[in-house]
Structure formats: C-alpha cells, structure tokens
Amino acid sequence: QVQLVESGGGVVQAGGSLTLSCAASGRSISSFAVGWFRRAPGKEREFVGAMAWGGGDTDYADSVRGRFTISRDNAKNTVNLQMNSLKPEDTAVYYCAADRLLAQVTGAPRYWGQGTQVTVSS
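None of these values were measured; they are calculated from a predicted model. (Residues numbered from 1 in each chain as written. Predicted model: local features only at pLDDT ≥ 70, side-chain atom pairs only at ≥ 80, totals over all residues. Heavy atoms only, no water.)

**Side note on the overall build of the chain**
- Secondary structure assignment for the chain yields 1 helix and 11 strands.
- When the helices and strands of the chain are listed from N to C terminus, the series reads β-β-β-β-β-β-β-β-β-α-β-β.
- A globule of 122 residues ought to have a C-alpha radius of gyration of about 14 Å, and the chain, at 13 Å, matches this closely.
- Taking the principal axes of its C-alpha atoms as reference, the chain extends roughly 40 × 25 × 25 Å.
- Out of the 122 residues belonging to the chain, those deemed buried represent 45%.
- Taking all contacts inside the chain whose residues are at least 6 apart in sequence as the whole, residues at least 24 apart take part in 58%.
- When the accessible surface of the chain is summed, it comes to about 6100 Å², and 47% of that surface belongs to carbon and sulfur atoms.
- Of the charged side chains in the chain, 12 are positive and 10 negative; the average position of the first set lies 4 Å away from that of the second. (Helix = DSSP H or I, 4+ residues; strand = E, 2+ residues; numbered from the N terminus. Rg over C-alpha atoms; globule rule 2.2 N^0.38 Å. Buried < 20%, exposed > 50% of the residue type's maximum accessible area, 1.4 Å probe, protein only. Contact = heavy atoms within 4.5 Å. Areas by Shrake-Rupley, 256 points an atom, 1.4 Å probe, with all protein chains shown as cover. Lys, Arg positive; Asp, Glu negative; His and termini not counted. Charge placed at Lys NZ, Arg CZ, Asp CG, Glu CD.)

**Observations regarding the packing of aromatic side chains**
- Tallying each qualifying case throughout the model produces 5 aromatic pairs.
- Look at Phe37 and Phe47: their rings are 5.5 Å apart centre to centre, the planes differ by 70°, and that puts the pair in the edge-to-face class. Placement of Phe37 in strand S4 (residues 33–39) and of Phe47 in strand S5 (residues 46–51) is noted, with a sequence separation of 10 residues between them. Here Phe37 matches Phe47 in class, with each residue buried.
- Geometrically, the ring pair formed by Tyr95 and Trp112 is tilted, given 5.0 Å between the ring centres and 55° between the ring planes. Of the two residues, Tyr95 sits in strand S9 (residues 92–99) while Trp112 sits in strand S10 (residues 111–112), which places them 17 residues apart along the sequence.
- The class for Tyr95 is buried, based on a relative accessible area of 7%. (Phe/Tyr/Trp six-rings, centres within 6.5 Å; stacked < 30°, edge-to-face > 60°.)

**Here's the deal with the sheet that holds strand S7 (residues 68–73)**
- As summarised here, the arrangement of the 4 strands in space is S1-S3-S8-S7, forming an open sheet in which the pairing is antiparallel. In this open sheet, the two edge strands, each paired with only one partner strand, are strand S1 (3–7) and S7. The sheet shows a mean angle of 20° between the axes of neighbouring strands, direction not considered.
- As judged from the 6 bridges shared by strand S3 (residues 18–25) and strand S8 (residues 78–83), these two strands associate in the antiparallel manner. The partner of Leu20 across the bridge, within S8, is Leu81. (Pairing = 2+ DSSP bridges. Axes fitted to C-alpha atoms, helices over the stretch in contact; angles between N-to-C directions.)

**Some remarks on the nonpolar core**
- Core analysis: the largest hydrophobic core is formed by 37 residues, its most contacted members being Leu4, Trp36, Leu81, Met83 and Tyr94.
- Mapped onto this core, the elements with two or more residues apiece are S3, S4, S5, S7, S8, S9 and strand S11 (116–121).
- The element best represented in this core is S9, accounting for 6 residues.
- Here Tyr94 is in contact with Glu6, Leu20, Phe37, Arg38, Val48, Phe68, Leu81, Met83, Gly115, Thr116 and Val118, once residues within four sequence places are set aside. (Core = buried A, V, L, I, M, F, W, Y, C linked by side-chain atoms within 4.5 Å.)

Now the structure itself:
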C-alpha cells in the first residue's frame, strides 16, 4: 500500500558523489524497513544496503560499505542514498524497496520503486 518513487540519478565522473531519494506515499516510511538495490548491465539485481524501521540497524554490501550511506527524512517521508567516491562499476539502475522488517527487505521486499539510472564515467 506504499508507493515508492526514486529520483536523483544522473551522470557523474568517477570519484564524484550523488544522492538518490526515494519518496514514499500512501503510508509513513518511518514504519517500514527500507533498502536499496541495483542492477548493472548484464548482471543480476544486487543488494546495496538496508535500514531497519527504527533507523538504528543497517546492513550494507561489501562493495559499497564506507562509501554509501542510507538515511531517512521522516518530515519529507523520504529515504536517501548518499553515494560517495563513485566508481564506474557502480553504474546501474538503482531502486528502493520497503517492507515491515529488515530481514524482509534484505531478502525479498514487498514494495519497490521504478528505479533511477546512475552512470559513472571515467
């Protein structure tokens, strides 16, 4: 019952930064665990990171840990993905997801956004 819409994708040079936003509607995103996934050309969907509904527990893929950070802005009912030190291998369609529990989001979340393209140039 929650709708998710990503924004903020674009083209950035290697080493640069981008912040993706996931706007939720229909329900308060504060009551959901949230996550980010990505799909690179010719590759399967990859887990990026997730945050529990309480905001204290997080989980990140080894490939992005230390570079990517998930945050919430409950006043705007949005979830953000801050991406720093971007690499060409980060090029992918990024999309957000949500479910009630962190374990559900990291596994097979119920709700998905439409995705936004991130291209990292050399």
